[in-house]
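Structural features, examined
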Amino acid sequence: MTLRTVLDTGWRLRLADPHPDAPADLHGRTVAATVPGCVHTDLMAAGLLADPYVGLNEADQHWIGRSEWTWTTTFDLPEAGDGDLRRELLFHGLDTVAEIRVNGRPVGRTANMHRTYAFDVTDLVTPTGNELSVHIGSVYDYTDARRAESGEMPSTYDEPFNYVRKMASNFGWDWGPTLVTAGIWKPVELLSWSGARLASVLPAVTVERTGQDGPATVTARVELRRAPGVRPQAQLVTATVAGRTAATAVGPDEDTATVTVHVPDARLWWPIGMGEQPLYDLEIELRPVADGDPAEAAAPPVDRWRRRIGFRTTTLHTDPDRAGTPFEFVVNGVRTPVRGVNWIPDDCFVARLTREDYAAALDHAVEANVNLMRVWGGGIYEADAFYDLCDERGLLVWQDFPFACATYSEDEPLRGEILAEARDNITRLAPHPSLILWNGNNENLWGHRDWGWPEILGDRAWGLGYYTELLPAILAELDPTRPYWPGSPYSGTVDRHPNDPLHGPIHIWDVWNERDWTAYAEYQPRFVAEFGFQGPACWPTVRRAINDGPPVPFGPVADAHQKAKSGTEKLERGVVPHLPDRRRDDPELEIADWIYLAQLNQARAVRFGIDHLRGQWPRCSGTVLWQLNDCWPVASWAAVDGDGHRKLIWYALRAAYRPRHAAVSQATGSRPYVRLTNNDVDTWRTGLTVEVHSVAGELLAGAEHPVLLAPGATTALPVPLPAGHPDSGPRPALLVTVRGDGVVLDRMLTEEDIAAELPPARSTVTAEPAPDGGVLVRVRAHTLLRDLVLQADRLDDDARVDEQMITLLPGEEHVFRVRTTAPADDPRWQHPLTLRCVNDLTKA
């Protein structure tokens, strides 16, 4: 049996060739190392490096990626049975430019963070006391050499991420720090085997009747690795799934085989909200065949491979129609509206992410009614745990190949590295039913069209061949059952502008960068793969990261935790048309107001955009918010900040992504109406009440509507306006409420808050222990309370509130349910900075 020995102990790390900026006391220093891991985390664990996420520490650590480092450990050979044993070192991930030596002799070199490397060390090892060393050089030295060979390859950033196959956002992004890592970032294994072993297994699933449980097949393509210098022996490959087994023989001169298992009663895997997610264990075993007779296959197996798979079909509908080119996902024959989020690496130091970290992050998505994760192209092919958890939760995965915002040489050595990494990762990820789309790149086609790159490139190739030729060819060979799209944004042909709203997926970034969020109403796209609006992190995160005194919105440390160009100015500019100004005469009040107002504006922006875009179903078949998560403490577009706290946008996202969606909409200068969208699998049968109140709380008009809305259907309901309400010009603000089954489904103010003459806020607040733990905070409104927010994290950093941004009419009551360790009798529950509403900041 192939024996796999994980080499994860006894590692030491030494600064072998320091950059001039490296601290002198680290020169030649050796510390304990964690594998998987990286330099930053090892030095922090040793107490030799400050946390780069705090204050200005990031700026003092750029020397790490420009230095050279050596990892060493020792190992003994395990007993692995009789015969001529082969010994291989298998590196699942090296970051990035590495030289491997065993007992002082060179084994191999690497230059790709995204792929696996196997090295035969049979002739280099001894039974005991083997020394393994991994020397990782300066990635900047490597990229300088590649730049000299290829010439300048333009990108959106000054850092050289596009000259090497490494996580691009490691070099900094408009939400991320420049923390260029080095390390053994995935496990290292010593393989001991003889005769033959499984080199790769690539399963493909087909379903006989689309959309129905029943007959299905699993076809596994198997590649063998045979021991050199040994007379090859016939092998038997068996595949078992769902209680069914099939086998095929592999001749002594063959290294590949295909085995097909027929499953008569397969249950379909469905996206979240559309059905269940049954998963099946697929097991592949390899056995030698005695005398070439498969019936004489010896037991036990000499190698085994196991993964979970699911049965489903997926297609991408892009056939042109009268409106342009749709971009519509069809899963198991059912049109699937996308309620998505973009996913970036969840930590700058991805080696330290655990399955529990991924589970917590993905649960943020599930609880926000998300059904698709787009793994963005400036990051990595994610860890196995990420895709396993998506399989379990029914979260669809759109996987970018790691190309982002840049041009890329199509010459060697980069081309060969890209070919190898694509084959590696397609093979690794193909078993996952959650994976429904491969995407060629992020914004490279758009950049080449609009960002001045051709003037620098001349006639040199810039990556288009990867997206239109190389990657689709590899996928046609290895994973033909999944859709592929060359890029995002991309309009279906290189002859058309890649960000054409009428064709394929687009990115909307004039909103935020240049225009107010009300401009979302001007868009009628087919699919939106990126859009968003910034907001600051939550109070505990801000307090931890901004350490130069009482936190303030502006200043050297605050600016270091805002990576977008003119980001804070854009945040401030975005608030002005909608919300009152913050108080500036007291630092404590200013930062509290800033977090509340800027987060609230971010939440409203995204809610407005999604409400508008979802209302265009089926013309617009999906939205993918930029972004779910952050990798460190920063002001950004994320719904969950870098310390895992939910920003107000998260609550807005959950409301906007409800499968049964009711939204009060109002284009500038028009009458309000209610848009209903049913993305549920069942018909929506209910009665809705639409009410109109004055800001003083007086009921001015109302109407009741029976609703019978089929799955996938949309409709609009009128809003009854009071008699004499003008259609244009100065108008009194109205509060429109939609209720269903006694619950408020949406509530909208018809005028901006700063023009609505909101009354000074008055309420009664009480707090009591919750029966199941935590605290219940009860608020009774005596006036209109506009977007009431309970900032429980001012009492407990890890507190979590069930609802936010609650607007109450006079006489209404709301109970906030808080998961917290803070006691109910803490007087801070009544503190004015704990319970906020817009009225707090309006002038009396």
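Check the entry above for the structure.
On a predicted model such as this, the values are computed, not experimentally measured, just so you know. (Residues numbered from 1 in each chain as written. Predicted model: local features only at pLDDT ≥ 70, side-chain atom pairs only at ≥ 80, totals over all residues. Heavy atoms only, no water.)

Helix and strand content of the chain: 14 helices and 42 strands. Compactness check: the chain gives a C-alpha radius of gyration of 29 Å against a globular reference of 28 Å for 844 residues, within 12% of the reference. By principal-axis analysis of the C-alpha atoms, the chain measures approximately 95 × 65 × 65 Å. Out of the 844 residues in the chain, the part that is buried amounts to 60%. In the chain, once contacts between residues fewer than 6 apart in sequence are set aside, the share between residues at least 24 apart is 69%. Carbon and sulfur atoms form 49% of the exposed surface of the chain, whose accessible area is close to 31,800 Å². Distance from the positive charge centre (81 side chains) to the negative charge centre (117 side chains) of the chain: 3 Å. (Helix = DSSP H or I, 4+ residues; strand = E, 2+ residues; numbered from the N terminus. Rg over C-alpha atoms; globule rule 2.2 N^0.38 Å. Buried < 20%, exposed > 50% of the residue type's maximum accessible area, 1.4 Å probe, protein only. Contact = heavy atoms within 4.5 Å. Areas by Shrake-Rupley, 256 points an atom, 1.4 Å probe, with all protein chains shown as cover. Lys, Arg positive; Asp, Glu negative; His and termini not counted. Charge placed at Lys NZ, Arg CZ, Asp CG, Glu CD.)

Bringing the packing of aromatic side chains into the picture now. Counting across every chain of the model gives 39 aromatic pairs. Consider the rings of F403 and Y408, whose centres lie 5.0 Å apart with planes at 90 degrees: the pair is edge-to-face. With relative accessibility at 1%, the residue F403 sits in the buried group. With 5.4 Å between their ring centres and 45 degrees between their planes, W446 and W451 make a pair best called tilted. Aromatic rings pair up to connect Y157, F161, W173, W175, W376 and W626 into one cluster. A cation sits over an aromatic face here: R146 above Y142, 4.6 Å from the ring centre. Here the guanidinium or amino end of R794 rests over the ring plane of W539, the centre of that ring lying 4.8 Å away. (Phe/Tyr/Trp six-rings, centres within 6.5 Å; stacked < 30°, edge-to-face > 60°. Lys NZ or Arg CZ within 6 Å of the ring centre and 35° of its normal.)

Taken in spatial order, the 3 strands make up an open sheet running β29-β30-β33, and their pairing is antiparallel. A strand with exactly one partner marks an edge of an open sheet, and here the two such strands are β29 (660-665) and β33 (714-718). Within the sheet, the average angular offset between the axes of one strand and its neighbour, ignoring direction, is 20 degrees. The sheet contact formed by strand β30 (residues 673-678) and β33 spans 5 bridges and is antiparallel. Looking across to β33, one finds that T677 is bridged to T714. Helix-sheet contacts for helix α13 (residues 587-614) involve β29 and β30, and the interaxial angle to β29 is about 110 degrees. (Pairing = 2+ DSSP bridges. Axes fitted to C-alpha atoms, helices over the stretch in contact; angles between N-to-C directions.)

In terms of burial, strand β5 (residues 86-91) is largely enclosed, as 6 of its 6 residues are buried. Along β5, one buried face is formed by R86, E88 and L90 and the opposite face, lined by R87, L89 and F91, is buried too. In terms of strand pairing, β5 meets strand β10 (residues 188-193) through 6 bridges, oriented antiparallel. Considered in β10, the bridge of R86 is made with W193. Pairing of β5 with strand β8 (residues 117-120) involves 4 bridges; the strand directions are antiparallel. The partner of F91 across the bridge, within β8, is Y117.

Moving on, we come to the nonpolar core. Of all hydrophobic cores here, the largest spans 214 residues; its most connected members are W69, W71, L132, V134, M373, F386 and F401. Among the elements that line this core, the one with the most residues is α13, at 12 residues. Core analysis: the second largest hydrophobic core is formed by 31 residues, V201, A216, V241 and L282 among them. (Core = buried A, V, L, I, M, F, W, Y, C linked by side-chain atoms within 4.5 Å.)

Here the focus is the pairing of strand β38 (residues 785-790). Across the 6 residues of β38, 6 count as buried, placing the element largely inside the fold. When β38 meets strand β42 (residues 835-836), the two strands line up antiparallel, connected through 2 bridges. Paired with L790 across the two strands is L835, which belongs to β42.

Below, the discussion takes up the pattern of salt bridges. In total, this model carries 62 salt bridges according to the counting rule given. We note a salt bridge from R604 to D787, for which the minimum N-O separation is 2.7 Å. Of the two residues, R604 is situated in helix α13 and D787 in strand β38; the sequence distance between them amounts to 183 residues. When sorted by exposure, R604 lands in the same class as D787, which is buried. It is possible to trace a salt-bridge network through shared partners that takes in R86, E88, D120, R197 and R225. (Salt bridge = Lys/Arg side-chain N within 4 Å of Asp/Glu carboxyl O.)

With that settled, consider the environment of D321. Relative to the helices and strands, D321 is located in the loop between β18 (314-317) and β19 (328-331). For the pair D321 and T468, spaced 147 residues apart in the sequence, the C-alpha separation amounts to 23 Å. Ignoring sequence-local partners within four residues, the contact set of D321 consists of P326 and R526. Within the structure, the side chain of D321 is placed 3.0 Å from the backbone nitrogen of A323, a separation counted as a polar contact. (Polar contact = N/O pair within 3.5 Å; in protein donor to acceptor, adjacent residues only side chain to side chain.)

To continue, consider the sheet that holds strand β14 (residues 244-250). Taken in spatial order, the 4 strands make up an open sheet running β14-β13-β16-β17, and their pairing is antiparallel. Each having just a single partner strand, β14 and β17 (303-309) make up the two edges of the open sheet. Going across the sheet, the axis of each strand differs from the next one's by a mean of 15 degrees, ignoring polarity. Looking at chain direction, strand β13 (residues 235-241) and strand β16 (residues 280-288) are connected through 7 bridges and run antiparallel. In the sheet register, L236 faces β16, and the bridge partner there is R287.

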